[in-house]
Amino acid sequence: MSTSNEKTDKILPGTWPPRRVSLSTSKRVSLKAGLVVLAVVAFTFLWSSPFAIGPHDIHEQLETNNADICPQVSELIPRSNFALWKALGDTYGTDAFKMRAVDWLAGAVKIPTESYDQMGPVGTDPRWDKFSTFYDYMSTAFPLVHSTLELTKVNTYGLIYVWKGTDSSLQPLLLAAHQDVVPVEETTIDQWQYPPFSGHFDGERVWGRGSQDDKSGLIGIRSAMESMLENKFQPTRTVVLASGFDEETSGLHGAQTLAPVLLEMFGENGYAMLVDEGSGYGEQFGRVIATPGISEKGYMDVMINVASPGGHSSIPPPHTSIGILADILVNLEKNPFEVHLERGSPTYMSAQCLIHAPELPASLRRDIIHAERNEGALHRVEQELFKDPQFKSLVGTTQAIDLINGGVKVNALPEQAWAVVNHRISTQSSVSATKQRDTELLTSIASSFNLSYTAFGARITDADAPAFGILTLSEAYTHGLEPAALSPTGHDAVPYQLLSGTIKAAYNSHRGVSGDDSLLISPGIMSGNTDTRYYWKLTEHIFRYGHTDGAGGGSLSSGVHTVNEAITIGSFVEMIRFFTTLILNVDESALP
Ligand SMILES: *[C@@H]1O[C@H](CO)[C@@H](O)[C@H](O)[C@H]1NC(C)=O
Ligand SMILES: [Zn+2]
């Protein structure tokens, strides 16, 4: 069995992923055409493809060597678009381009597109108005994108740009990035090294709110497109660019209104793949690992409300509403959700990929390999990896009591007390399972305090029995969000493998290296949510990935959502390389 990366990195003949035969004679090659087409394409490139690896090869590897539980494709360099890719890559390496990229990004950061909770509809709440300035900025900064792509505005500030390909039978690539940023708290402004909306460039970093999340993605895509247009690139496959404007406050006005328009444009499952913001790459156990998010945890806020008789504080009952609520909350924290690493879950797949990391302890590597069939090994892997609380949080359903309120006066018994618990729901669970668990956990407390109990609209206790007070559980603010379905990642999941090869090519070309030793690709998961929550119908191949070191929603190490958000210009240019490579690779792929 292979415990190093030596086996998977071996160069095998064949072609991966399947590509259209050539641009000039391009004929749609549908995956549905199956093995025949695959064989033809494989034959065509059998000898011309030094770094390609075929799905069948991986399959054989899996069968002959079941230790290979995290198959890797090789870096994927555009072939029919190679000259353009190379020329752009050279341009991106120049100081002149870096300064251009600084200007593009800094200009965007300077416009404070903050989105706040509870904003009124567009047109009534003036706080949306700055998105008009932002739109003007982007139109001016990217003149070719603006003049070449077809724009549809949705709910005024939502933007859908369609870059029409020459072959309209091909499903488009969908790229998403949001325009809004998390507000900067007034009280923290003096903690910023440079003012949060300065877009200051200190020679290495562009500073400011949004420089990572997600203006690096939004401007990175446009910078790639503008550069490609300047080089007269004409896509074969349509590229669609969708930009919401309130992702940081759940996308109610933005992505939610964009979704039906996108659906109408190309239909259900009408997009080849979708890439939106997400986690990037970072070192784990001595190996740089990129973790495109193949799923997202679910979300639910639960309001716990306790009501009991009011009255004068001088003749109190043994427990007030506040006392009872406190007991409930203590009980909740004493009972975290049971968390298990389950085979087939995204976090389990992440664990499997660690076998390729050189500094993984040998015993853990052995257990990960055996966990596929051995319960004891799976349990040991779980115990070991759960020592990292962040990993454990990604696996299970979490609970955090984030709000509390109760009482109005020091000499009056509180008639009401409430708290809100925020849940992030495991990919292996659901909104209803989470409701059921909360409901059951509080049943005995409700009866011990003699409370009538209603949970999520259902009466739990006998309606007619006299009770001291009332306990109510309900969904706060919005309806719960189910965890996202897993995007396919198997060896025949072309979009995932194409993304993987693209990440490697971008990473390598930025460093002037080649080969597959540098970077490993592993399925990952988002702990937070993105605008993709509204896009599930558009494609099953949804990836949350930002090609930077520890950027995006996956990590908070770069000032994301806090003070001193900044990005190095090197990282930003590397993102531009990533988007360029992705667009070119998808353009010449044989995706449907
Ligand atoms: C519950 O509270 C009601 C109202 O205060 C009271 O009539 C009833 O006896 C209590 N039941 C128990 C079991 O304490
Ligand atoms: Zn974001």
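Residues numbered from 1 in each chain as written. Chains lettered and ligands numbered in written order. Predicted model: local features only at pLDDT ≥ 70, side-chain atom pairs only at ≥ 80, totals over all residues. Heavy atoms only, no water.

Looking up the chain in an unreviewed UniProt entry gives the name Carboxypeptidase S, with the organism given as Rhizopogon vinicolor AM-OR11-026.

**Looking at the UniProt feature "binding site: Zn(2+) 2" (unreviewed entry) in the chain**
The feature "binding site: Zn(2+) 2" (unreviewed entry), as annotated in UniProt, sits at His178, Asp213 and Asp276 in this numbering. Across 99 residues of sequence, these annotated residues stay compact in space, with a maximum C-alpha separation of 11.3 Å. With respect to the secondary-structure elements, His178 resides in the loop between strand 3 (173–176) and strand 4 (205–207). Setting aside residues no more than four positions away along its own chain, His178 makes contact with Asp213, Asp214, Leu218, Gly244, Glu247, Glu248, Glu277 and Asp531. Within polar-contact distance, the side chain of His178 engages the side chain of Asp213 at 3.0 Å. Note on placement: Asp276 falls in strand 6 (residues 273–284). A residue is classified by how much of its surface remains accessible, and Asp276, at 3% relative accessible area, is buried. For Asp276, the residues in contact, after removing those within four places along its chain, are Ala176, Ala177, Asp214, Thr530, Asp531, Thr532, Phe543, Arg544 and Tyr545. (UniProt positions renumbered as here; feature names shortened; annotations may be inferred. Helix = DSSP H or I, 4+ residues; strand = E, 2+ residues; numbered from the N terminus. Contact = heavy atoms within 4.5 Å. Polar contact = N/O pair within 3.5 Å; in protein donor to acceptor, adjacent residues only side chain to side chain. Buried < 20%, exposed > 50% of the residue type's maximum accessible area, 1.4 Å probe, protein only.)

**With respect to the coordination of the zinc ion (ligand 2)**
Within the protein, the atoms that donate to the zinc ion (ligand 2) are His178 (NE2), Asp213 (OD), Glu277 (OE) and Glu277 (OE), at distances of 1.9 to 2.8 Å. Given four donor atoms and angles of 51 to 149° at the metal, the environment of the zinc ion (ligand 2) is assigned as irregular. Here the donor residues of the zinc ion (ligand 2) are spaced in sequence according to H-x34-D-x63-E. Of this pair, Asp213 sits in the loop between strand 4 and helix 7 (215–230) while Glu277 sits in strand 6; the two residues are 64 residues apart in sequence, bridging distant segments of the chain. Each member of the pair, Asp213 together with Glu277, is buried. (Donors = N, O, S within 2.8 Å, 3.2 Å for Na, K, Ca; no water. Tetrahedral: all angles 85-135°; square planar, octahedral: opposite > 155°, others 65-115°.)

**Examining helix 9 (residues 321–334)**
With 14 residues, helix 9 ought to run about 20 Å at 1.5 Å a step, and its terminal C-alpha atoms sit 20 Å apart, in line with that. Contacts from the buried residues of helix 9 go to strand 9 (298–307), strand 10 (398–406), strand 11 (416–425), helix 14 (431–448), strand 12 (451–455) and strand 14 (469–475). (Expected span 1.5 Å × (residues − 1).)

**Here's the deal with the pairing of strand 9**
The buried fraction of strand 9 is high, at eight of ten residues. In the sheet, strand 9 pairs with strand 14 via six bridges, with the strands oriented antiparallel. Bridging across to strand 14, Ala307 finds its partner in Ile470. (Pairing = 2+ DSSP bridges.)

**So, the packing of helix 9 against helix 14**
A pair of packed helices can be characterised by two numbers: the angle between their axes and the separation between those axes. Contact geometry of helix 9 with helix 14 gives a least axis separation of 10 Å together with a crossing angle of 130°. Taken together, the axis directions place helix 9 and helix 14 in an arrangement best described as oblique. In terms of crossing hand, the pair formed by helix 9 and helix 14 is right-handed. Contacts from Asp327, Ile328, Asn331 and Leu332 of helix 9 reach helix 14 at Arg437, Leu441, Leu442 and Ile445. (Axes fitted to C-alpha atoms, helices over the stretch in contact; angles between N-to-C directions. Parallel < 35°, antiparallel > 145°, perpendicular 65-115°, else oblique. Left-handed = near helix turned anticlockwise from the far one by under 90°.)

**Details of the side chain of Lys297**
Along the polypeptide, Lys297 turns up in the loop between strand 8 (293–296) and strand 9. We note that Lys297 is buried and unpaired, the nearest opposite charge coming from Glu296 at a distance of 12 Å. Within polar-contact distance, the side chain of Lys297 engages the backbone oxygen of Gly396 at 2.5 Å. Dropping the residues within four chain positions of it, Lys297 is found in contact with Ser393, Leu394, Gly396, Thr398, Arg424, Ile425, Ser426, Pro483, Ile525, Met526, Ser527 and Asn529. (Lys, Arg positive; Asp, Glu negative; His and termini not counted. Salt bridge = Lys/Arg side-chain N within 4 Å of Asp/Glu carboxyl O.)

**Focus on the site of ligand 1**
Taken together, Asn450, Pro466, Ala467 and Phe468 make up the full set of residues adjacent to ligand 1. Asn450 places a side-chain nitrogen or oxygen 2.2 Å from an oxygen atom of ligand 1. Contact between ligand 1 and Phe468: an oxygen atom at 3.3 Å from a main-chain N or O atom of the residue. Computed on the free molecule, ligand 1 has an accessible area of 360 Å², of which 34% lies beneath the protein chains in the complex. Considering only residue class, the shell around ligand 1 consists of three nonpolar, one polar and no charged. (Near = heavy atom within 4 Å. Areas by Shrake-Rupley, 256 points an atom, 1.4 Å probe, with all protein chains shown as cover. Nonpolar A, V, L, I, M, F, W, Y, C, P; charged D, E, K, R; others polar.)

**As for the environment of Glu440**
Mapped onto the elements, Glu440 comes out in helix 14. C-alpha separation for the pair Glu440 and Ala455, spaced 15 residues apart in sequence, amounts to 9.4 Å.

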